[in-house]
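Listed here are the chains, written in short residue letters.
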Amino acid sequence: MKIENLIYLFLAVLVSMIVFNIVCIFVFSFQDRRLNKNNNRFAELIRKQMETGIDDKHKKYMYRKLKNIDNLQAFDLALEGLMKEDDEMAKRYLESLTPVFVDLTSVYIRKQELQAAYFPYIIKKYSLFYMTNNNAVISTLHELVRHSSLYSRENALQALYSIGNAEAVVNALKIINDKDYYHNKRLLCDGLLTFAGDEEELSEKLWSHYHVFNENMQLVILEYFRFSEEGYKYTDQMFEVMVQSKRNSELYYSCIRYFGKYPDLRAYRQIIKSVSDEDKSGFECKTIAASALSIYDYPQTKEVLINLLHDRNWYVRNNAAASLSKLGVDYFDLIDIFDGDDRYAREIAAYSLKRNIVKENEHVHKG
Amino acid sequence: MFIRDDVYTFFKGMLEGINYFFVIYMVIYSVFLFLSVVSGSVKLYRKRKQEKFKNTIHQNYYIPVSIIVPAYNEEVTVVETVKSLLTLDYKLYEIIVVDDGSRDETSRKLIEAFDMQQSERPIPKKISCQREEAVYETSDLKVPLTLVRKINGGKADALNMGINISRYPYFICMDADSVLQYDSLSKIVVPVIEEENVVAAGGVVRPCNGVKIENGRVKNYHLPDNIIAAMQVLEYDRSFLASRILFDKFNASLIISGAFGLFKKDVVTAAGGYDSKTMGEDMELVVKLHEYCILNNMDYRIRYATDAVCWSQAPESLKDLRKQRKRWHIGLFQTLAKHIGMLLNPRFGAIALSYLYFFVFEFLSPFIEVFGLISMFIAWAIDLINVPFMIVFLIVYTGFGCILTLTAFFARVQISDLRISSGDVLKAIMLCFFEIGGLRFVMAFVRATALIGYNKKKLSWGRIERKKIDIK
């Protein structure tokens, strides 16, 4: 190839890049201006409808307009502004526009994943179908949960939580479970905690389907019960899971964490057994158990925790010392530790006791 | 100039060979740069679209994170840095400042500013590091703050101490003179939420010179008045788009900046932590993580969070810039030398190619560029060069580099929704010519000579003149 050709090639690329930059700048600025214009137009239109009441003509008009995602975005912005002006009236307006959104579900499910995910976001943001059992909407949301995009799934799940239909939420979890999608456990658990419907009904349904799920999803359910306000009601079921789980499994650890929040004598005995069995319990189990024991104020607890202060693992020692502090042990209870040869146990115990005193002082100071 | 025929023929043959080498080298580099900038821009624009249509995680998820701030003689900035960290829009995190035996008042300033109390906190030494002298704590703030004062051992050693004392499963390393944007934590943990196997995630580091930041939010953005800092803004944008995003696609990123990166603690600990004998400890750690995970057959990802932003001070004098780049180049050399087994090793797949890129276009490039200039001068001296053609070629090549730099700059400005003045646009256009045609060659010379006598300073902290960052 002649060297001149190379220069022409460079020049061609250079010109195309300049064009690319200019086009980008103009497209973005055009999009921004159009969004602002549409936002103002929608705001004016909605304000007028809020005053006069919604008619069919307006619904048809909105259906036609909101089929376009850019218009939906402008509508979202307009509504957000109007809610700040008059929340009640905006909500009433939205309520009467519900049939339009029902019709729009079939439009948005056909769009690309990236655009389709915006629709459930709107459902959740404005709690559009709160406590309704609209099959078309729910099956559309389930369809979105089947998408491979994390964001489609997550937005659809969020919409389902906001609708408050327990059955629909459990079915969505089943879809993720069957598809074997990775969906962060924390995201799922935190999402379930935002469920807007009857928590008790959701809890019952989760328990009744518990064995249908894989271990990851079971873990989500157990974590949900740990954090849920209704969690305390399920100690029997949790204990059953604890007994059935292998001692080195995440499910078992999750149960220990649960019983570190909701005390249960049967579970207590199980935890003590787990940490006392030197051969079978790993450091993870002992670390979690050492923390959980802080709510069981029995002599045996202190004995076990003091023993754990000698553990090889730093985290086990640290949690044991923190639990002993929470249980109110003082210097004299730990005299053997302070007089003993184990420097690590001594250091962690001293630190924990001192820290407790500092914290108490801080409380007094603030109080 | 008169020279003998045989010498002339020899030089002519040699220069022709050099000519071919340079043409091939520049074509490969330009194609790579072009592909990476275009694919990077496309990714950034797609990200903008994702945000527009709320393809984001917008609930309160909290991955517990320990922020480790290694500090050495940072009395000017350390308190402001911690104050800015306390304004982050995130709930579950702790701040750990490791004072690596500062000779100034770094520790005292912190203790006084935040009313910290000395504690006897035992530190598990999972990674070896220099001994601690004292630990101070306070839980009276929004999040726990810990200060460890230790015997001087260098930045890597200080980071290892931070890892040892941290409580949470993920840690962030950052510089004491940097400011994290208010949403940087929630953005940098997104890769961890998105994929189960993420062991590290890098954020974006941007020069904060000329930027006004209030509560972690950019209130006023313009290119710095200082020309050297302004040129670095352009350079940062280009290098970010030029290699990082493209390599990220293939899980082949070899650098996560020491100024802002998130790591999974247990994997870093298992891999041995930061290497305190390397100047480029940030790059070394990432290369080591790749090596560790591949050799242990782990399914893993090292990702980039393109919207997690950290603002850092760029050197404003040529002297400081020279020091910084020298240090970076030595770090690059040490890392590449330490992991030479990765070069063209098929077991490492895309990472071997990434290694090759860093070897040829980062490590060898200053030598090649300086060599190119020398041979051009020789060719000119013995009248073996077509001067008008050479000028046209250089102009086109410089123009090419400038346009790619500007593409990266505008792409970044647009996706960040920053408003810049037309004055800044003009300034960027003008400065990119100086950067490509001037600063780049000066830095090539600095980097080419960086290895002379590097051994003597192997554990020293890189010092540039510190200024208070414009934060409120």
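Things to note about the pattern of salt bridges
One pass over the structure, following the stated rule, counts 47 salt bridges over all chains. Note that K52 of chain B is salt-bridged to D70 of chain A, the shortest N-O span being 3.5 Å. On the criterion of chain membership, the pair formed by K52 of chain B in helix 1 (residues 5-52) and D70 of chain A in helix 3 (residues 69-85) is interchain, its members lying in two chains. In this structure, the salt-bridge partner of K125 of chain B is E132 of chain B, at a minimum N-O distance of 2.9 Å.

Quick look at the pairing of strand 1 (residues 65-71) of chain B
Residues and elements named next belong to chain B. Here strand 1 lies mainly inside the structure; 7 of its 7 residues are buried. On strand 1, burial covers both faces: V65, I67, V69 and A71 on one face and S66, I68 and P70 on the other are all buried. Sheet topology places strand 1 next to strand 2 (residues 93-99); 7 bridges connect them, and they run parallel. When the bridges of strand 2 are listed, S66 appears paired with E94.

Some points on the sheet that holds strand 11 (residues 260-264) of chain B
Residue and element names in this part refer to chain B. Read across the open sheet, the 10 strands follow the order 3-4-5-2-1-6-11-8-12-7; overall the sheet is mixed. Edge positions in the sheet fall to strand 3 (117-119) and strand 7 (178-180), since each has one partner strand and no second. Taking the axes of each pair of neighbouring strands and ignoring which way they run, one obtains an average angle of 30° across the sheet. In this structure, strand 1 lies alongside strand 6 (residues 170-174), joined through 4 bridges in parallel fashion. Across the sheet, the residue bridging to S66 is F171, located in strand 6.

Examining helix 19 (residues 314-326) of chain A
All names here are of chain A. Taking 1.5 Å per residue as the helical rise, helix 19 with its 13 residues ought to reach 18 Å, and the 18 Å between its terminal C-alpha atoms agrees with that figure. Across the 13 residues of helix 19, 10 count as buried, placing the element largely inside the fold. Among the residues of helix 19, those classed as buried are W314, Y315, V316, R317, N319, A320, A321, S323, L324 and S325.

Let's talk about the interface of chain A and chain B
Each side of the interface is counted separately: chain A has 44 residues, and chain B has 59 residues. Both sides together, the interface formed by chain A and chain B hides about 4,900 Å², and carbon and sulfur atoms give 66% of it. At the boundary of chain A and chain B, one finds 3 salt bridges. A salt bridge links E120 of chain B to K354 of chain A, with the shortest nitrogen-to-oxygen separation between them at 3.9 Å. For the interface between chain A and chain B, the tally reads 5 residue pairs in polar contact (both at pLDDT 80 or more).

What about the confidence of the model for chain A?
For chain A, the mean per-residue pLDDT works out to 91, and 97% of the residues sit at or above 70. When the elements of chain A are averaged for pLDDT, helix 21 (residues 343-366) of chain A gives the smallest value, 81, and helix 10 (residues 166-179) of chain A the largest, 97.

Quick notes on the packing of aromatic side chains
Scanning the model with the defined rule gives 42 aromatic pairs over all chains in all. The interplanar angle of 85° and the centroid separation of 6.0 Å between the aromatic rings of F42 of chain A and F75 of chain A together place this pair among those described as edge-to-face. Linking F42 of chain A in helix 1 (residues 3-52) with F75 of chain A in helix 3, this pair joins segments that are 33 residues apart in sequence. Members of the aromatic cluster, each reached through a chain of ring pairs, are F21, F22, Y25, Y29, F32, F247, Y357, F358, F361 and F371 of chain B. Between the NZ or CZ atom of K111 of chain A and the centre of the ring of Y108 of chain A, over which it lies, the distance is 5.1 Å.

A few points about empty space enclosed by the protein
Summed over all chains, the structure comprises 2 cavities of 30 Å³ or more. Around the second largest cavity, the lining residues are Y315 of chain A together with P124, K126, I127, I163, N164, K265 and T269 of chain B. Contributing elements (two or more residues each) for the lining of the second largest cavity: helix 4 (155-165) and helix 8 (265-271) of chain B. Taken together, the residues that form the lining of the second largest cavity break down as 4 nonpolar, 2 polar and 2 charged.

Quick notes on the nonpolar core
Among the nonpolar cores identified, the biggest contains 114 residues, and F75, F101 and L309 of chain A are the most heavily contacted of them. Take this core: its biggest share by element is 8 residues, from helix 10 of chain A. Beyond its immediate stretch of four places on either side in the chain, F101 of chain A contacts L66, L72, F75, L94, F119, I122, L128 and F129 of chain A. Of all hydrophobic cores here, the second largest spans 86 residues; its members include C24 of chain A together with A252, F400 and I403 of chain B.

Here is what the cut-offs are and how they apply
- Residues numbered from 1 in each chain as written.
- Chains lettered and ligands numbered in written order.
- Predicted model: local features only at pLDDT ≥ 70, side-chain atom pairs only at ≥ 80, totals over all residues.
- Heavy atoms only, no water.
- Salt bridge = Lys/Arg side-chain N within 4 Å of Asp/Glu carboxyl O.
- Helix = DSSP H or I, 4+ residues; strand = E, 2+ residues; numbered from the N terminus.
- Buried < 20%, exposed > 50% of the residue type's maximum accessible area, 1.4 Å probe, protein only.
- Pairing = 2+ DSSP bridges.
- Axes fitted to C-alpha atoms, helices over the stretch in contact; angles between N-to-C directions.
- Expected span 1.5 Å × (residues − 1).
- Contact = heavy atoms within 4.5 Å.
- Buried area = accessible area lost by both parts, 1.4 Å probe.
- Polar contact = N/O pair within 3.5 Å; in protein donor to acceptor, adjacent residues only side chain to side chain.
- pLDDT = per-residue confidence, 0-100.
- Phe/Tyr/Trp six-rings, centres within 6.5 Å; stacked < 30°, edge-to-face > 60°.
- Lys NZ or Arg CZ within 6 Å of the ring centre and 35° of its normal.
- 1 Å grid on protein atoms, 1.4 Å probe; cavity = no way out; pocket = protein on both sides within 12 Å on 5 of 7 lines; lining within 4 Å.
- Points joined across faces, edges and corners; volume = space filled by probe spheres on them.
- Nonpolar A, V, L, I, M, F, W, Y, C, P; charged D, E, K, R; others polar.
- Core = buried A, V, L, I, M, F, W, Y, C linked by side-chain atoms within 4.5 Å.

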